[in-house]
Amino acid sequence: MRFIYHQPVPNFYSIENPQKPKNLISDDFLNEFEDIAVASRFAGVSYSKLGEEFKKDWNIDWDNIIILKYAMSDEILKMEPSKEKCRLMDVEFQEFGQKTFALADVLRREGFEADLINPLDDRVSLRAIALQSNEAIITRSNMCMFKEGLNLGFFMIKTSIENLPFKTENDMEWVKDHCSTCGVCIDRCPEKVFDEEGKFLRKQCTAHREGCSKCINSCPFYKNGYEKVKKRYWRMKK
Ligand code: SF4
Ligand code: SF4
């Protein structure tokens, strides 16, 4: 199981999927949906369109994905690894899981099919789906980073909506080069999770077992924000 400290999110749907779901959303309703997501304290919304190859690789038959990103609280991330920290992380996870069901209901009410993708289901990788949005990148510390921050958790809804604003190019590729010359997370990792070449050894990381977040707390992306690091990176490149 991917999130060892997370419990399954109970089913909070209040209405059924429509019998004949619509598949085109208006700009106005999409804007309204995004506003509701932000008002529910989500940090942002992204969209992934899964290609035929991807669907075949993961053995799935759905392809329109809404990604709801939430910022993990700074206070919790600053805590030392402990059972209590894992518990608090799960409380946060449950809260946003519940809000995701409410957002799926908003879409159902409007006549769209909308189902939460079970984040604890190992049959499909949410990180792989996140990367298909072209709005995320994997950092050296193995975090799936969006521009809203390094400290993001996310939930996903699969839907009948075909005309979501899917991005086709990723402008975050520079992050890999930045990480190759930074390496702060390697120095700060108490578990020596990186091999001699700086490669991340996932099984040794205690993030999901004990709630370690030392690499997040020391990362320039977390401390300064994506845009500031980007500005500095390109200034140094000139
Ligand atoms: S600490 Fe440096 S190398 Fe590690 S993820 Fe952050 S930017 Fe990349
Ligand atoms: S979460 Fe902790 S153990 Fe895992 S890579 Fe980061 S610092 Fe190392």
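Scroll up for the structure.
Attention here is on the structure that accompanies the text. (Residues numbered from 1 in each chain as written. Chains lettered and ligands numbered in written order. Predicted model: local features only at pLDDT ≥ 70, side-chain atom pairs only at ≥ 80, totals over all residues. Heavy atoms only, no water.)

This paragraph deals with empty space enclosed by the protein. If you walk through the whole model with that rule in mind, you get one cavity of 30 Å³ or more. By volume, the largest cavity amounts to about 80 Å³. Lining the largest cavity are Thr139, Arg140, Ser141, His178, Cys179, Cys182, Gly183, Val184, Cys185, Cys219, Pro220 and Phe221. Listed by contribution, the elements that provide at least two residues to the lining of the largest cavity are α6 (174-182), α7 (184-188) and α10 (220-224). If one sorts the elements of the lining of the largest cavity by residue count, α6 sits on top with three residues. A breakdown of the residues in the lining of the largest cavity according to their chemical character gives seven nonpolar, four polar and one charged. (1 Å grid on protein atoms, 1.4 Å probe; cavity = no way out; pocket = protein on both sides within 12 Å on 5 of 7 lines; lining within 4 Å. Points joined across faces, edges and corners; volume = space filled by probe spheres on them. Helix = DSSP H or I, 4+ residues; strand = E, 2+ residues; numbered from the N terminus. Nonpolar A, V, L, I, M, F, W, Y, C, P; charged D, E, K, R; others polar.)

Another aspect to go through is the environment of Glu148. The residue Glu148 is located in the loop between β5 (144-146) and β6 (152-159) in this model. Assessed through its relative accessible area of 38%, Glu148 is described here as partly exposed. C-alpha of Glu148 to C-alpha of Glu135: the two residues are 13 residues apart in sequence and 9.9 Å apart in space. Apart from the residues lying within four places of it in its own chain, the contact partners of Glu148 are Ala43, Gly44, Val45 and Lys69. A distance of 2.8 Å separates polar atoms of two side chains, one belonging to Glu148 and the other to Lys69. (Buried < 20%, exposed > 50% of the residue type's maximum accessible area, 1.4 Å probe, protein only. Contact = heavy atoms within 4.5 Å. Polar contact = N/O pair within 3.5 Å; in protein donor to acceptor, adjacent residues only side chain to side chain.)

The next thing to look at is a positive patch on the surface. On the surface, Lys228, Lys231, Arg232, Arg235 and Lys238 cluster together to form a positively charged patch. Checked against the element boundaries, Lys238 lands in the segment after α11 (226-237). (Patch = residues over 30% accessible without salt bridge, like charges linked within 9 Å, V, L, I, M, F, W, Y side chains within 5 Å. Areas by Shrake-Rupley, 256 points an atom, 1.4 Å probe, with all protein chains shown as cover. Salt bridge = Lys/Arg side-chain N within 4 Å of Asp/Glu carboxyl O. Lys, Arg positive; Asp, Glu negative; His and termini not counted. Charge placed at Lys NZ, Arg CZ, Asp CG, Glu CD.)

Okay, the packing of aromatic side chains next. Inspection of the entire model under this criterion finds 15 aromatic pairs. Ring centres of Phe42 and Phe96 lie 5.1 Å apart, and the angle between their planes is 70 degrees; this geometry places the pair in the edge-to-face category. Of this pair, Phe42 sits in the loop between α1 (27-39) and β1 (44-49) while Phe96 sits in helix α4 (residues 83-109), placing them 54 residues apart in sequence. Side by side, Phe42 and Phe96 carry an identical accessibility label, which is buried. Here Phe221 and Tyr226 contribute two aromatic rings whose centre-to-centre distance is 6.2 Å and whose plane-to-plane angle is 25 degrees, an arrangement assigned as stacked. You'll find Phe221 and Tyr226 in the same group, each marked buried. Ring-pair connections join several aromatic residues into one group, and the members of that group are Phe42, Tyr70, Phe93, Phe96 and Phe155. Sitting over the ring of Phe112, Lys22 keeps its end group 5.1 Å from the ring centre. Seen from the ring of Tyr13, Arg108 lies directly overhead, with NZ or CZ sitting 3.7 Å from the centre. (Phe/Tyr/Trp six-rings, centres within 6.5 Å; stacked < 30°, edge-to-face > 60°. Lys NZ or Arg CZ within 6 Å of the ring centre and 35° of its normal.)

The subject of this paragraph is the packing of α6 against α11. Running from N to C, α6 and α11 cross one another at 75 degrees; their axes reach a closest spacing of 11 Å. Considering their axes alone, α6 and α11 lie roughly perpendicular with respect to each other. Residues Trp174, Val175, Asp177 and His178 of α6 pack against Tyr226, Val229, Lys230, Tyr233, Trp234 and Lys237 of α11. Here the contact of α6 with α11 is composed, by residue class, of six nonpolar, one polar and three charged. (Axes fitted to C-alpha atoms, helices over the stretch in contact; angles between N-to-C directions. Parallel < 35°, antiparallel > 145°, perpendicular 65-115°, else oblique.)

Turning our attention to a negative patch on the surface. On the surface, a cluster of negative charge is made up of Asp27, Asp28, Glu32, Asp35 and Glu110. Structurally, the position occupied by Glu32 is in helix α1. Glu32 sits in the partly exposed class, given a relative accessible area of 44%.

Another point: the nonpolar core. Counting residues in each nonpolar core, the largest one holds 46 residues, and the members touching the most others are Ile66, Leu107 and Phe221. Among the elements that make up this core, the one with the highest residue count is α4 (eight residues). Filtering out sequence-adjacent residues up to four positions away, Leu107 remains in contact with Phe29, Phe33, Ile66, Phe112, Ala114, Ile157 and Ile161. Formed by 18 residues, the second largest nonpolar core is a distinct cluster that contains Ala130, Ala136, Phe146 and Met156. (Core = buried A, V, L, I, M, F, W, Y, C linked by side-chain atoms within 4.5 Å.)

Just geometry here; none of it tells us what the structure is for.
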